[in-house]
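Chain by chain, the residues:
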Amino acid sequence: MQSARYLDVLTLPRVPATFGTALIGRSAYALVFLPLLYAVTDATGSVALAGLAVGLYGAGASFLAPVRAWFIDRFGARRALSVLVIVFGAVLTAIAVASLLRAEGTVLIVLAAVAGAFAPPLGPTMRVAWGKLAPTDELVRKSLSLDAVVEELLYLAGPAVAGIALAFIEPGAALLVPAGLVLVGGLLFVSTRAVGEMRPRHAAATDSARGRPLLLDPRFVSILLPTLVAGAISGSISISVPVVLGEHGGPATAGIALGLFAGGSALGGLLFGALRVPGSPLRQLVALAAALVVVSSLVAVVTGAVAVCIVLAAAGLFFSPVMIVAYLAAHHAGGEHRQNSATTWVNTSHNVGASAGSAVAGVLIQATSVPAASAWLAAVAVILLVASAVVGRRGRVRGMSASRPTVVFVCQKNGGKSQMAAALMRELAGGTVDVVSAGTKPGTSLNAQSVQSLDELGIDVGDEHPKALTADMVESADIVVVLGAEAQVDRIPGVRFETWITDEPSERGIEGMERMRLVRDDIRSRVVELRDRL
């Protein structure tokens, strides 16, 4: 079977409109920092206060991201994102106008903090949307690879474009550009069908008060630790490289070297998406992050600008793949209703790592030397990666005692019986079980009679749709329940498998809704028994 191509991703139904509008809105973020920095500098005459404004904006955008993601998961993407996009665009416009009207610097600093607090998570939401747009695991992986590369390029080109603009227009005028982009692109993205399908989650199934939060799930934490390491490496090299190249070309050469790291990351993402990489997501994450640590540490021991540039380009090859695997793993770890929160925590983990890496690298380099600082950071990174492997393994070994049990219901088309079993488990377990449903050969829509039979019990299937069973789903499950004999699933060690051969009333001449109700009731009794065992 021919491997999926990036062109196959871009030609999927609904992808051009969804991805295109998301990119318009996401392009705004990389255009904010430089104009904001210069706007506050002009207003206050202080680079320190300008740095404070940018820091407050960045802190709000990064550290409040999980809160915004929770609102999206809880109240639906369309409603929550619309509010965030409008408020963020309006506050950026207010900063632009205030700067043009020569307002006090304090006003700009406060508005910068407000803008960061309301920054809409268009990137994480788009990554969740890929799971709805791409029908197979391979296409989802290819989609996330493409997404990561494009985002890398946006952040690579954005500051350059902003810098060129500032040579001709005032900072306030330059800030109107990202304000317009996020309002136009963001609202168009919000209006797409993929975002509309991210409906408010069912309170009974996802109330966090009734289940273990993501950050208390060892397997989810094991995903975040490698991204924390990747962020720390990217943050530390932004400090160490200018120091290393201080006598080998200065700031210009340092800028080129860091640009090569970003370019290597983009290339690495493209290559990773084109390859079939063996191993579980956790093994891939630990291996890729370890390679990133080892190669990037060579910056401290090589000499000359050319050698440093080569090392950074090579190190960059591993950065995007770490994020791609983490996003894909988080996509599954979030279950049916916490995907925005899960993918946003990956972003936040990276941002925390980048901030910590920059700060620690600066202190260590000042107190010791670049080689010593790199050695200490590498040692800490290795400890975190070992912890990731251990925590992830304990989560697998302890399974249901470590966190809420995960049950995957599988049938062939994922349009009827497995969807019915999953919906019944969510309703009957009340959020104490993470539930996933998938098919070995998924169809294109849900069985209408199956949906109607659930509706008769007051159970709404929401935005469910047929999905392909993936290796990640099976590996992350505590129990895989296969409904019927048609679906064939490869068994793996450490995961319990059950096969339910359900009642088939059609063999007795019973058809239509009467048949479906009998099938539903049979599945319900089995779900109740499984829930009690869990």
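A.B. asks: Help me get a handle on the overall build of the chain, residues and values and all.
C.D. replies: A tally of regular secondary structure across the chain gives 23 helices and four strands. Radius of gyration (C-alpha) of the chain: 25 Å, near the 24 Å computed for a compact globule of 534 residues. Along the first, second and third principal axes, the C-alpha atoms of the chain reach 85 × 50 × 45 Å. In the chain, which comprises 534 residues, the proportion classed as buried is 53%. Summed over its atoms, the accessible surface of the chain is roughly 21900 Å², and 65% of this surface lies on carbon and sulfur atoms. A gap of 2 Å separates the mean positions of the 41 positive and 37 negative side-chain charges of the chain.

A.B. asks: Please provide a residue-by-residue account of the packing of helix 21 (residues 448-455) against helix 23 (residues 512-533), values included.
C.D. replies: Relative to each other, helix 21 and helix 23 sit at 65°, their axes nearing to 9 Å. Regarding helix 21 and helix 23, the two cross each other, and that crossing is right-handed. Between helix 21, through Gln449, Ser450, Gln452 and Ser453, and helix 23, the contact on the second element is made entirely by Gly512, Met513, Met516 and Arg520. In the contact of helix 21 with helix 23, the residues fall into two nonpolar, five polar and one charged.

A.B. asks: Can you tell me about helix 20 (residues 417-429), naming the residues and giving the values?
C.D. replies: Here helix 20 is 13 residues long and its end C-alpha atoms lie 18 Å apart, about the 18 Å a rise of 1.5 Å per residue gives. Within helix 20, 11 of the 13 residues are buried, which leaves it mostly tucked inside the rest of the structure. Downstream of helix 20 by one or two residues, Gly430 has phi in the positive range, about 60°.

A.B. asks: Please provide a residue-by-residue account of the confidence of the model for the chain, values included.
C.D. replies: With 93% of its residues at a pLDDT of 70 or more, the chain shows a mean pLDDT of 85. Predicted confidence for residues 202-211 stays below pLDDT 50, and this span has 18 contacts to residues more than four positions away or in other chains. Low pLDDT (under 50) marks residues 397-402, which in the prediction has 12 contacts with non-local residues, meaning those over four places away or in another chain.

A.B. asks: Tell me about the pattern of salt bridges, and name the residues and values.
C.D. replies: Side chains bearing opposite charge may pair, as long as their charged atoms lie close to each other. Inspection of every chain in the model, using the stated rule, returns 16 salt bridges. One salt bridge connects Asp147 with Arg26, and the closest N-O pair in it is separated by 2.9 Å. Of the two residues, Asp147 is situated in helix 9 (residues 137-166) and Arg26 in helix 2 (residues 15-26); the sequence distance between them amounts to 121 residues. Residue Asp147 is classed as buried on the basis of its relative accessible area, which comes to 1%.

A.B. asks: Break down the side chain of Thr348 for me, with residues and values.
C.D. replies: Mapped onto the secondary structure, Thr348 falls in helix 18 (residues 339-367). When sequence neighbours within four positions are dropped, the list of residues in contact with Thr348 reads Ser62, Ala65 and Pro66.

A.B. asks: Describe the packing of helix 3 (residues 33-44) against helix 7 (residues 105-117), naming the residues involved and giving the relevant values.
C.D. replies: The geometry of helix 3 relative to helix 7 is characterised by a closest axis approach of 8 Å and an angle of 155° between their N-to-C directions. Judged by the angle between their axes, helix 3 and helix 7 are roughly antiparallel. Listed contacts from helix 7 to Leu36, Ala39, Val40, Ala43 and Thr44 of helix 3 are Gly105, Leu108, Ile109 and Ala112. When the residues that make up the contact of helix 3 with helix 7 are grouped by side-chain class, the tally is seven nonpolar, two polar and no charged.

A.B. asks: Provide a residue-level description of the packing of aromatic side chains, including the pertinent values.
C.D. replies: The tally for this structure, following the rule as stated, stands at nine aromatic pairs. With a centroid separation of 5.4 Å and 80° between ring planes, the pair formed by Phe33 and Tyr57 is classed as edge-to-face. You can see Phe33 sitting in helix 3 and its partner Tyr57 sitting in helix 4 (residues 47-63), a full 24 residues away along the chain. Look at Phe33 and you get partly exposed, because its relative accessible area is 34%.

A.B. asks: Explain the environment of Leu271 residue by residue, including any values.
C.D. replies: For Leu271, the location among the structural elements is in helix 14 (residues 250-274). Along the chain, Leu271 and Ala381 lie 110 residues apart, while their C-alpha atoms are 25 Å from each other.

A.B. asks: Tell me what's going on with the sheet that holds strand 4 (residues 496-500), and back it up with residues and numbers.
C.D. replies: Strand order in the open sheet made by the four strands is 2-1-3-4, with parallel pairing throughout. Strand pairing shows two members of the sheet lacking a second neighbour, strand 2 (434-439) and strand 4, which therefore form its edges. Sheet twist, expressed as the average angle between the axes of neighbouring strands with direction ignored, equals 20°. The pairing of strand 1 (residues 406-411) with strand 3 (residues 479-483) spans four bridges and is parallel. The partner of Phe409 across the bridge, within strand 3, is Val481.

A.B. asks: I'd love a proper account of unusual backbone geometry, names of residues and values included.
C.D. replies: Non-glycine residue Arg102 carries a positive phi angle of around 60°. By secondary structure assignment, the location of Arg102 is in the loop between helix 6 (77-100) and helix 7. The class for Arg102 is exposed, based on a relative accessible area of 58%. Of note, Asn414 is a non-glycine position whose phi angle comes to about 55°, a positive value. Note on placement: Asn414 falls in the loop between strand 1 and helix 20.

A.B. asks: Would you mind going over the environment of Arg404 in detail, with residue names and values included?
C.D. replies: Along the polypeptide, Arg404 turns up in the loop between helix 19 (370-398) and strand 1. Residue classification places Arg404 among the buried positions, given a relative accessible area of 10%. Distance in space between the C-alpha atoms of Arg404 and Ile310 is 46 Å, their sequence separation being 94 residues.

A.B. asks: Would you mind going over the environment of Tyr38 in detail, with residue names and values included?
C.D. replies: Among the secondary structure elements, Tyr38 is positioned in helix 3. Given the relative accessible area of 42%, Tyr38 is considered partly exposed. Placed 29 residues apart in sequence, Tyr38 and Val9 show a C-alpha to C-alpha distance of 39 Å.

A.B. asks: Please give an account of the pairing of strand 3 that cites residues and values.
C.D. replies: Counting buried residues in strand 3 gives five out of five residues, a clear majority hidden from the surface. In the sheet, strand 3 pairs with strand 4 via five bridges, with the strands oriented parallel. Of the residues in strand 4, the one forming a bridge with Val482 is Thr499.

Thresholds, definitions, all that
Think of each chain on its own: its residues are numbered from 1, step by step along the sequence as written. At least 70 in pLDDT is required for a residue's local features to be given in this predicted model, at least 80 for side-chain atom pairs to be given and counted, and no such filter applies to totals for whole chains, interfaces and linings, which use all residues. Neither water nor hydrogens contribute to the side-chain values; these are computed over all heavy atoms in the structure. Where helices and strands are cited, they refer to DSSP runs of H or I of at least four residues and of E of at least two residues respectively, numbered from the N terminus. Values of the radius of gyration come from C-alpha atoms, whereas the globule rule sets the reference at 2.2 Å times the count of residues to the power 0.38. Each residue is assigned to one of three classes by its accessible area relative to the maximum for its type, calculated with a 1.4 Å probe on protein chains only: buried under 20%, partly exposed between the two thresholds, exposed over 50%. The Shrake-Rupley method, run with a 1.4 Å probe, gives the accessible areas here. Residue values count only the displayed protein chains as cover. Asp and Glu count as negative and Lys and Arg as positive, but His and the ends of the chain are not part of the count. Note that the charge is assigned to NZ on lysines, CZ on arginines, CG on aspartates and CD on glutamates. Axis geometry follows a simple rule: fit a line to the C-alpha atoms, using only the stretch in contact for helices, then measure angles between N-to-C directions, giving values from 0 to 180 degrees. Crossings are classed by handedness, with left-handed meaning an anticlockwise turn of the near helix from the far one by less than a right angle and right-handed meaning a clockwise turn. Residues count as neighbours in contact if any of their non-hydrogen atoms are within 4.5 Å of one another. Each residue gets one of three labels, nonpolar for Ala, Val, Leu, Ile, Met, Phe, Trp, Tyr, Cys and Pro, charged for Asp, Glu, Lys and Arg, and polar for the others, Gly among them. To estimate how far a helix should reach, multiply one less than its number of residues by 1.5 Å. A residue's pLDDT is the confidence the predictor assigns to it, expressed on a 0 to 100 scale. A carboxyl oxygen of Asp or Glu within 4 Å of a side-chain nitrogen of Lys or Arg is what we treat as a salt bridge. These descriptions rest on fixed angle ranges, namely under 35 degrees for roughly parallel, over 145 for roughly antiparallel, 65 to 115 for roughly perpendicular, and the rest for oblique. When two rings of Phe, Tyr or Trp (its six-membered ring) have centres within 6.5 Å they constitute a pair, described as stacked for plane angles under 30 degrees, edge-to-face for angles over 60, and tilted for the intermediate range. At least two bridges found by DSSP between two strands is the condition for calling them paired.

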